[in-house]
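# Fold and contact review
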Amino acid sequence: MAEAASLAGLAVADAAAFHAGALYRVYMYGFAPGFAYLGGLPEALALPRRSSPRAPHPPGAVMIGGGLAAIGTMPMPTGWYVLGRTPERLFAPERDPAFLIESGDTLRFEPVSADTFAGLERRAASGEVVAGRAA
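Right, let's walk through the structure included here. (Residues numbered from 1 in each chain as written. Predicted model: local features only at pLDDT ≥ 70, side-chain atom pairs only at ≥ 80, totals over all residues. Heavy atoms only, no water.)

### Section: the overall build of the protein chain
Rules: Every helix listed is a DSSP run of H or I at least four residues long, and every strand listed is a run of E at least two residues long, numbered separately from the N terminus. Radius of gyration: C-alpha atoms only; globule rule: 2.2 Å multiplied by the number of residues to the exponent 0.38. Exposed residues in this analysis have more than 50% of their type's maximum accessible area, buried residues have under 20%, and partly exposed residues fall in between, with area computed by a 1.4 Å probe over protein chains only. Contact between two residues is taken to exist if any of their heavy atoms lie within 4.5 Å; hydrogens are not considered. A residue counts as positive if it is Lys or Arg and as negative if it is Asp or Glu; His and the chain ends are not included. Note on charges: their place is set at NZ of Lys, CZ of Arg, CG of Asp or CD of Glu.
From N to C terminus, the protein chain includes 3 helices and 6 strands. Relative to its length of 135 residues, the protein chain is compact, with a C-alpha radius of gyration of 14 Å against a globular reference of 14 Å. Viewed in the frame of its principal axes, the protein chain has a C-alpha envelope of about 40 × 30 × 30 Å. Put simply, the protein chain has 135 residues, and 39% of those count as buried. Within the protein chain, counting contacts between residues at least 6 apart in sequence, those at least 24 apart form 55% of the total. In the protein chain, 11 side chains carry a positive charge and 12 a negative one; their mean positions are 3 Å apart.

See below:
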């Protein structure tokens, strides 16, 4: 987050607020199972992708690059800037449906504390869907 905020000329708290305040539309899945490409990235966060890939990102990485946001489901090298993580599993082959969101869905990211994240991650690892649904 700090690197992306600096490149965008923003304080980390402002970059996080822009990101959490946006409404994203799921454009498509691609590249890997559950890897979701998201439109709706605030213009203030629209950075080009890195010129060379970084080390593998963690599972559930929430990333930006090339004017889009994305959620990566499995560790892999990337040219995107990692802003944070989601504990939710977008792809779980044992679940019905295996894909949690669909193209055209909208979503928001909610900042949580490290302790809350750890609890949500444990619940998600046990198979529970921890993402909230708007009415």
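### Some words on helix 2 (residues 12-21)
Applicable threshold: It is the directions from the helix axis to the C-beta atoms whose arc is reported.
Buried residues of helix 2: Ala-15, His-19 and Ala-20, and no others. Along the long axis of helix 2, the arc covered by the buried residues comes to 125°, so they all point the same way. Turned more than 90 degrees from where helix 2 packs its buried face, Ala-13 and Gly-21 sit exposed.

### Section: the nonpolar core
We count it as follows: Grouping buried Ala, Val, Leu, Ile, Met, Phe, Trp, Tyr and Cys residues that are joined through side-chain atoms within 4.5 Å yields what is termed a nonpolar core.
Tyr-24, Leu-38, Ile-64, Ile-101, Leu-107 and Phe-109 are the most contacted members of the largest nonpolar core, which has 22 residues in total. At the level of elements, helix 1 (2-8), strand 1 (24-29), strand 2 (36-39), strand 3 (61-65), strand 4 (68-72) and strand 5 (81-85) are the ones that each hand at least two residues to this core. Discounting chain neighbours no more than four positions away, the residues touching Leu-107 are Ala-22, Leu-23, Tyr-24, Val-26, Leu-38 and Ile-101. If you look at the next biggest cluster of nonpolar residues, it comprises 9 residues, including Ala-32, Tyr-37, Ala-70 and Val-82.

### Here's the deal with the sheet that holds strand 6 (residues 106-107)
Defined as follows: Here a strand pair is declared whenever DSSP counts at least two bridges between the two strands.
The antiparallel open sheet is built from 6 strands, whose spatial order is 5-3-4-2-1-6. Here the strands that pair on one side only, and so sit at the sheet edges, are strand 5 and strand 6.

### Re the pairing of strand 4
Among the 5 residues that make up strand 4, 4 are buried, leaving the element largely enclosed by the rest of the structure. Pairing of strand 2 with strand 4, which is carried by 3 bridges, proceeds in the antiparallel orientation. Across the sheet, the residue bridging to Leu-38 is Ala-69, located in strand 4. Linking strand 3 back to strand 4 in an antiparallel pair, the connection comprises 2 residues, with Gly-66 at a positive phi of about 65°.

### Overview of helix 3 (residues 114-125)
Where we set the bar: An expected span of 1.5 Å times one less than the residue number is assigned to each helix.
Between its first and last C-alpha atoms helix 3 spans 16 Å; for 12 residues at 1.5 Å apiece the expected length is 16 Å, and the two agree. Of the residues making up helix 3, those classed as buried are Phe-117, Gly-119, Leu-120 and Ala-124. An end-on view of helix 3 places all buried positions within 165° of arc, on one side of the element. Structural note: helix 3 exposes Ala-114, Asp-115, Arg-122 and Ala-125 on the side pointing more than 90 degrees away from its buried face. Where the residues of helix 3 are buried, they touch strand 5. Trailing helix 3 by a residue or two, Gly-127 shows a phi angle of about 105°, which is positive.

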